[in-house]
Amino acid sequence: MDNRVSEPGTSLMSEPSTPRRSRRLLRRVLVTALTGGLVAGAVLAVWPGLRSGAASPPAAGPRAHRAPVRAPAQAAQALTAVTSGVPAALPALTALIGQQEQRVRAQPQDAKAWAVLGTAYVERGRRTARAADFPRAEQALQTSLQVVDEEQNLQALDGMAALALARRDFSEAKRYGEQAQELAPKRWSSYAPLIEAYNGLGDYESVGTALEKLMALKPAPAERPAVMAQAAAVYRSRGWREDAVAQLSDAAAAAGSPAQQAAYLSQLGELAFERGDAQDALRHYEEALRLDADQQAAPSGRARALAALGRPAEAVTAYRAALDRRADPRDALELGELYESLGRTAQARQSYDQVAELAKRETAGGVDDELVLGRYEADHGDAADAVERLRAEYDRQPGIEVADALGWALHRVGEDDEALRYATTATDGTKGGGLRSALYAYHRGAIEAALELEGPARRSLQEALRINPSFSPLWAPQARSALAALGEPEDGEVPG
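A few points on the structure. (Residues numbered from 1 in each chain as written. Predicted model: local features only at pLDDT ≥ 70, side-chain atom pairs only at ≥ 80, totals over all residues. Heavy atoms only, no water.)

### Some details on the overall build of the protein chain
For step 1, the next point in the chain: For the protein chain, the helix and strand inventory stands at 26 helices and 0 strands.
For step 2, the next point in the chain: Counting only carbon and sulfur atoms, one obtains 51% of the accessible surface of the protein chain, whose full area is about 20,900 Å². (Helix = DSSP H or I, 4+ residues; strand = E, 2+ residues; numbered from the N terminus. Areas by Shrake-Rupley, 256 points an atom, 1.4 Å probe, with all protein chains shown as cover.)

Okay, here's the thing in structure tokens:
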């Protein structure tokens, strides 16, 4: 079914502790306080940094120490960005956090200050992979919601939706996002978290409906770049790459700040890599880093592009630098696979061990890392454990990322008939899997080959290598070997 909601080639520029248990406990504590003053006082009492007047630690990154130099101006820039749902520079976020901490100390019943503080913590935690910021964010946002309840507190609802997305809790993101959208149905930023939440839940019909409403709003000029970027994300998930590139290119050209432009250039780099143009991807990633050295996705994207270009030593260095700046378990997994492809087994093992360590750290901050852990276990650990993890994750959040990972884990334990059902969900546009992913196509082809479905397997493997012949230093060679093992099509077989 074709769910297009607008003319995709048209640019908007031309048209105007255990995490869940601790969260439940925090909510119960907050609900027992009957007034905003009691709630704010309770949080200040258990939050030593705010009670003593100590500012939170500076954000990671080489430019974090610059924040005090122009703190008022930077905080004002970050405030505008955070409250409107667009990327903010990391030093500006640090300045804003310090400013808002001072404000809630002085005015503990200022619901907006608590909400802004919580949302800034979310953004900083997301940008730096510092999951320790997320419990702080939740405390601040829940305090704001107790001072001014959910029926009126749009800023806190936005923050809670952003927090849920950062933690990969798409059901919670949907709940808070829908409440925010009901409060402000004509505000573009109310739709962005909803679209991401629906996508993570595999609710592609709702993704289309939300995008239709978003595109009908005719945003103000300052808002258009972010709306175009949101449209591009939906187009990418449906396999409309050219349309996504057009929207992102216009968004980057019209971005209102270097941090915002860098975010869109990084997304253009991802699109270039996905279509197999590693050189163009590298160009976009490096330009993003030139504009914003703290851009979170560009360092690992740059490493990925270098590996695809046959520059493994540079790629290893780039991955290590990315992990030093932003310790993400997904990047550790990719580095491990790069090491493995190079025959550096001991270093690969160290990187794989780091995946579990970093995931444990994120889980302590409430992040759902079952997907990355499932992928790791399927290929480099206990495949049966991967199946168990990913079944539970798919029951809770049945997006195509999880469908692909679960199908592959089932293949790794020999359950290929069931595996193919999930692999088909991840790759068949009529079932929601419109994203053109070389990895997903390879997984489907390998499963089909195991089932002796030679024609479909050949077509899937050819599709994987056609999409991106260098999609992974470890798995792309496996795809080529599997395709070669199938040989030439038999007489009468339709070529792939």
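### Observations concerning the nonpolar core
For step 1, the next point in the chain: With 137 residues, the main nonpolar core has L211, Y264, L390, Y442 and F471 as its most contacted residues.
For step 2, the next point in the chain: Counting residues in hydrophobic clusters, the runner-up holds 6 residues, among them A164, F170, A173 and A197. (Core = buried A, V, L, I, M, F, W, Y, C linked by side-chain atoms within 4.5 Å. Buried < 20%, exposed > 50% of the residue type's maximum accessible area, 1.4 Å probe, protein only.)

### Here we look at the packing of helix α16 (residues 298-308) against helix α17 (residues 312-325)
For step 1, the next point in the chain: Two elements in contact, α16 and α17, have axes separated by 8 Å at closest approach and are oriented at 165 degrees. Judged by the inter-axis angle, α16 sits roughly antiparallel to α17. Remark: the crossing between α16 and α17 carries left-handed chirality. Of the residues in α17, those touching α16 at P299, S300, R302, A303, R304, L306 and A307 are E314, A315, A318, Y319 and A322. (Axes fitted to C-alpha atoms, helices over the stretch in contact; angles between N-to-C directions. Parallel < 35°, antiparallel > 145°, perpendicular 65-115°, else oblique. Left-handed = near helix turned anticlockwise from the far one by under 90°. Contact = heavy atoms within 4.5 Å.)

### Digging into the packing of aromatic side chains
For step 1, the next point in the chain: The full count for this structure, using the stated rule, is 7 aromatic pairs.
For step 2, the next point in the chain: Judged by centre distance (5.5 Å) and plane angle (50 degrees), the rings of W408 and Y442 are tilted. Taken together, the positions of W408 in helix α22 (residues 400-412) and Y442 in helix α24 (residues 438-450) put the pair 34 residues apart, joining distant regions of the chain. Each of the two residues, W408 as well as Y442, counts as buried.
For step 3, the next point in the chain: Directly above the aromatic system of Y176 lies the positively charged group of R175, at a separation of 4.3 Å from the ring centroid. (Phe/Tyr/Trp six-rings, centres within 6.5 Å; stacked < 30°, edge-to-face > 60°. Lys NZ or Arg CZ within 6 Å of the ring centre and 35° of its normal.)

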